[in-house]
Amino acid sequence: MFEGRRLVLRAPLLLAAFASVLSLWGSFLASPPAVHAQQQQSRVVPRDEYLLAVRGYYTGEYRTAARNMRSVALGGIRSTEGRWVDSICYHTMMGECYYQMGELALALEQYESALALAIKHRDWMMRVQFPQTLGPSGVRPRITWGASARRTTLGNFPDTMSSFQGRLNNEGAFRQGGVVTPPTLYPLRVTEVVRCTGLALYRRWELMGPVGEHDPLSQSMVDALAKRSAPANHWSQVWIEAQLGLAQAANGKRAEAVAHLQRAVVAGGEYDHHLTPIVLLALGKLFMEDDNLEAAANFYLEASFAGATLGQPDVVAEALRHGLTVHIAQGAKGAYPPLVNAVAWAKRERFEALEAWLYVLGAESFATIGDTRSAGKMLDEARRALARSEAQGGDLGARFNYQLALASYQQGNASTGTKNLADALRYQQNASLRLLQIALADKAFVSGTVSARVAKDLYASVLNDPTPHDWATDPLDSLAVLTSPLDKAMENWFLVAVSRKEHELALEISERIRRRRFFASLPLGGRVLSLRWLLEAPEAALSEEALLRRRDLKAKYPKYAQLQRTSDQLRAELKALDIVPADARALQQQKKLYDDWKAASDAQEVILSEIALRREPADLVFPPVRTLDDIRAAMPQKQLVLAFFNTSRGMVAFLFTHDKYVAWQIEQPKEVVSATKEMLKAMGHFESNHVLDSNLLQDESWKQPATNLLPMLVKNAKPDFWDSFDELVIVPDGLLWYLPFEALQVPVG
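In this report, the structure presented in the accompanying data block is examined. (Residues numbered from 1 in each chain as written. Predicted model: local features only at pLDDT ≥ 70, side-chain atom pairs only at ≥ 80, totals over all residues. Heavy atoms only, no water.)

**Side note on the overall build of the protein**
Regarding its fold elements, the protein presents 33 helices and 12 strands. Expressed as a percentage of the 749 residues in the protein, the buried residues total 51%. A sequence separation of at least 24 residues applies to 70% of the contacts in the protein between residues at least 6 apart. (Helix = DSSP H or I, 4+ residues; strand = E, 2+ residues; numbered from the N terminus. Buried < 20%, exposed > 50% of the residue type's maximum accessible area, 1.4 Å probe, protein only. Contact = heavy atoms within 4.5 Å.)

**Here's the deal with a nonpolar patch on the surface**
The grouping of Phe518, Val621 and Phe622 at the surface amounts to a nonpolar patch, some 240 Å² of accessible area in total. Residue position: Phe518 is located in helix 25 (residues 503-520). (Patch = residues over 30% accessible without salt bridge, like charges linked within 9 Å, V, L, I, M, F, W, Y side chains within 5 Å. Areas by Shrake-Rupley, 256 points an atom, 1.4 Å probe, with all protein chains shown as cover. Salt bridge = Lys/Arg side-chain N within 4 Å of Asp/Glu carboxyl O.)

**Considerations on the pairing of strand 5 (residues 161-165)**
Counting buried residues in strand 5 gives five out of five residues, a clear majority hidden from the surface. Note: strand 5 against strand 7 (residues 184-188), five bridges, orientation antiparallel. Along strand 7, the bridge assignment pairs Ser163 with Tyr186. (Pairing = 2+ DSSP bridges.)

**Describing the pattern of salt bridges**
One pass over the full model with this rule turns up 43 salt bridges. The network of salt bridges with shared partners includes Glu96, Arg203, Glu206 and Glu318.

**Quick notes on the layout of surface pockets**
Size it by volume and the second largest pocket reaches roughly 560 Å³. Lining the second largest pocket are 21 residues, with Asp159, Thr191, Glu192, His274 and Leu310 positioned closest to its centre. Listing elements by their share of the lining of the second largest pocket, those giving two or more residues are helix 3 (48-58) and helix 8 (190-208). The biggest single contributor to the lining of the second largest pocket is helix 3, with five residues. Here the lining of the second largest pocket is composed, by residue class, of nine nonpolar, seven polar and five charged. (1 Å grid on protein atoms, 1.4 Å probe; cavity = no way out; pocket = protein on both sides within 12 Å on 5 of 7 lines; lining within 4 Å. Points joined across faces, edges and corners; volume = space filled by probe spheres on them. Nonpolar A, V, L, I, M, F, W, Y, C, P; charged D, E, K, R; others polar.)

**A word on the packing of aromatic side chains**
The geometry of an aromatic ring pair is captured by the separation of the ring centres together with the interplanar angle, meaning the angle of the planes. If you walk through the whole model with that rule in mind, you get 23 aromatic pairs. Ring geometry for Tyr50 against Tyr90: centres 5.8 Å apart, planes inclined by 65°, an arrangement best described as edge-to-face. With Tyr50 in helix 3 and Tyr90 in helix 5 (residues 86-100), this residue pair connects regions lying 40 residues apart in the sequence. The pair formed by Tyr50 and Tyr90 is uniform in burial state, with each residue classed as buried. On the basis of an interplanar angle of 75° and a centroid distance of 6.4 Å, the ring pair of Phe494 and Phe654 is categorised as edge-to-face. Here the residue Phe494 occupies a position in helix 24 (residues 487-499), and Phe654 occupies one in strand 10 (residues 650-656), the gap between them amounting to 160 residues. Summarising the burial analysis for this pair, Phe494 and Phe654 share the class buried. (Phe/Tyr/Trp six-rings, centres within 6.5 Å; stacked < 30°, edge-to-face > 60°.)

**Remarks on unusual backbone geometry**
A cis amide bond links Val45 with the next residue in sequence, Pro46, at an omega value of -10°. For Pro46, the position within the fold is in the loop between helix 2 (33-42) and helix 3. In this model, Arg350 sits at a positive phi of 60°, which is unusual for a non-glycine residue. A positive phi angle, close to 55°, is found at Leu524, a residue other than glycine. Mapped onto the elements, Leu524 comes out in the loop between helix 25 and helix 26 (527-536).

**Observations concerning empty space enclosed by the protein**
Scanning all chains against the criterion turns up six cavities of 30 Å³ or more. Considering the residues around the largest cavity, the lining is formed by 15 residues, among which Ala118, Arg122, Trp124, Leu225 and Gln243 are closest to the centre. Elements that contribute at least two residues to the lining of the largest cavity include exactly helix 6 (104-120), helix 8, helix 9 (216-226) and helix 10 (237-250). Split into classes, the residues belonging to the lining of the largest cavity amount to 10 nonpolar, four polar and one charged.

**As for the environment of Asp723**
Considering the arrangement of structural elements, one finds Asp723 in the loop between helix 33 (703-713) and strand 12 (727-731). Judged by its relative accessible area of 64%, Asp723 falls in the exposed class. Spatially, the C-alpha atoms of Asp723 and Val625 are 31 Å apart, while their sequence positions differ by 98 residues.

**Some thoughts on the environment of Pro623**
Tracing the chain through its elements places Pro623 in the loop between helix 29 (584-613) and helix 30 (628-633). Residue classification places Pro623 among the partly exposed positions, given a relative accessible area of 24%. On a C-alpha basis, the gap between Pro623 and Arg516 in space is 9.6 Å, while along the polypeptide they are 107 residues apart. Sequence-distant contacts of Pro623, defined by excluding residues within four places in its chain, comprise Arg515, Phe518 and Phe519.

**Brief notes about the packing of helix 31 (residues 669-682) against helix 33**
At their nearest, the axes of helix 31 and helix 33 sit 9 Å apart, and the two run at 150° to each other. One way to sum up the angle between helix 31 and helix 33 is to call them roughly antiparallel. As helix 31 runs across helix 33, the sense of the crossing is left-handed. In contact with Glu671, Val672, Ala675, Thr676, Glu678 and Met679 of helix 31, helix 33 contributes Pro705, Ala706, Leu709, Met712 and Leu713. Partitioning the contact of helix 31 with helix 33 into residue classes produces eight nonpolar, one polar and two charged. (Axes fitted to C-alpha atoms, helices over the stretch in contact; angles between N-to-C directions. Parallel < 35°, antiparallel > 145°, perpendicular 65-115°, else oblique. Left-handed = near helix turned anticlockwise from the far one by under 90°.)

**Some remarks on the nonpolar core**
Trp239, Phe494 and Phe654 are the most contacted members of the largest nonpolar core, which has 204 residues in total. With residues up to four places along the chain from it excluded, the contact list for Trp239 reads Met125, Phe130, Phe157, Val190, Thr191, Val194, His273 and Leu275. One finds Phe644, Leu655, Leu710 and Leu739 within the second-largest nonpolar core, a separate group that totals 24 residues. (Core = buried A, V, L, I, M, F, W, Y, C linked by side-chain atoms within 4.5 Å.)

Next up, the structure:
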């Protein structure tokens, strides 16, 4: 009745206005029951159009659902206090649409907008007319992939509950003049607002990763929820408990998060509620991060049951996806049982996106146990389910292409596998969770949100090589990180170490950057090379752990081991032959052996490509990451290393022996460039087809810039400094790769 209406009053009008408000409020309460019910239904928020948009999201029409959600949001409740809590739902579900389409930065914006509203209206649940007690709903869905081991039932929560929006007490405005915001009673879909708040918390935790605990919004959310603004000693406190657990997880407080979440699984001691699926999902994530796979598997399975009971197919898909990850990590035998059995439920409920996800996950499950026939059938069903669906342009479509690539490699079809993999990586490089976290860490440092000390640790976390956990949970994302340029963030990491005068760390980071440049020139960012090294390198070159991994891989991929033996045998036979065949028969024999060897090697490479796509851990062992202490320990006593590293902000030099080191900034980088160019031109380096005549060869004008260059590069070095060493190792960078260091002139005396 007062929606969108503002009253700005002066003192002479106060009594008349107050009487008018009371009259209007009394008329509303005196409306006939039928009229009152109709008015109430028409005022329910979020509106029915929102539910239709959510249904479109569940079918996989993500872009259309996002457009519809934006349209519905335009009709959201507004007042002098801004948007109301119904907008939490619009922002969260728009974020979900962006999330599924791989637009993670946009999704994060929406989740944070939703949470900003939750903080602003932190006491909104105090205004809700909750039922005092809960009872069972009587809903018992026919779940087709198992039965819950939890002895709980779904609580009977009203579809809508009445809630006040506005001020209950406008006395100050009446007495002193100002804006009157009359109290308005709205029928509110309370459980949907609660669900979306929890979902926004969960997604933000997932997206921000290690950056989350250093973001001010994380602590603000914890502080707001710690006030526990819900009726005291009431079952609704369980929703605060759940949200507080999710907020603590994002804030890096794992123990507190687990404690809150475990208390939030049920309401009233026995009833599942609308946050139960997300709570179970979050517990699975936390226990999986701790490598407690058995507990994680149980939580994920239970989350799928709770999601089905509450009609949340997106939670079912995510729970079973993570459940498959744990199943594979545990080395369990056979395909993951719930996937095939859940298809019937998804079809019956007409959750098209979930159905397609189950086919894609089922394909990987069968491929993992070598059942390529069943995997192919699953992919055919996924292709049918994705036909003409907007989901094929999002995360689901990328995972489908990834599984197509794996299936192609398993069938020996390298060209098709490479094409499908390229399609998946093209998407993932723009939708990578780790790449988003790298960008967020970089932004936090550049903007001054975090100190250099915190930034150092953040960069080390997000810019590290993919770990065994990364490969086990999301190999596609790990490949996207390996094949994406990270020069800007890595340079900032280097500059952080330099600014903190941690020169040993700065040198190590510079070596990591060079190493990454090398990997960028290799297939799949060095992943294939790492696996080849693990499987083919001499045993003396591998650690005990690597040798164990080699034996494990050969046991899991016996065809590769067989081809390796065949290849070794053929190589030995070729080695026994004369290099130059004595006659035509010997030539033919040699040619056949080479052809057979090539065929065996090509088959090995296809299997190697298949393994590269699997959830198999393999460190990027060559070139190794070496600290300054590692390098110095291997140096002879009279060896000197002079290393340079070029950045967009200048150049840094490192000089060290087996027991000492020093580092400094090159103070005149522009002059170094000019002197280098002058020196090279004086030596005759003009262009590729320039003629060098005898006069130019005898010209020694290059010695002057060569004399000027040395003190620019190595400051305060006395002429006899170099006499103490038998060997000088120079590691150039940038333009210095073109500088002939041996021609630099050392002053005499």
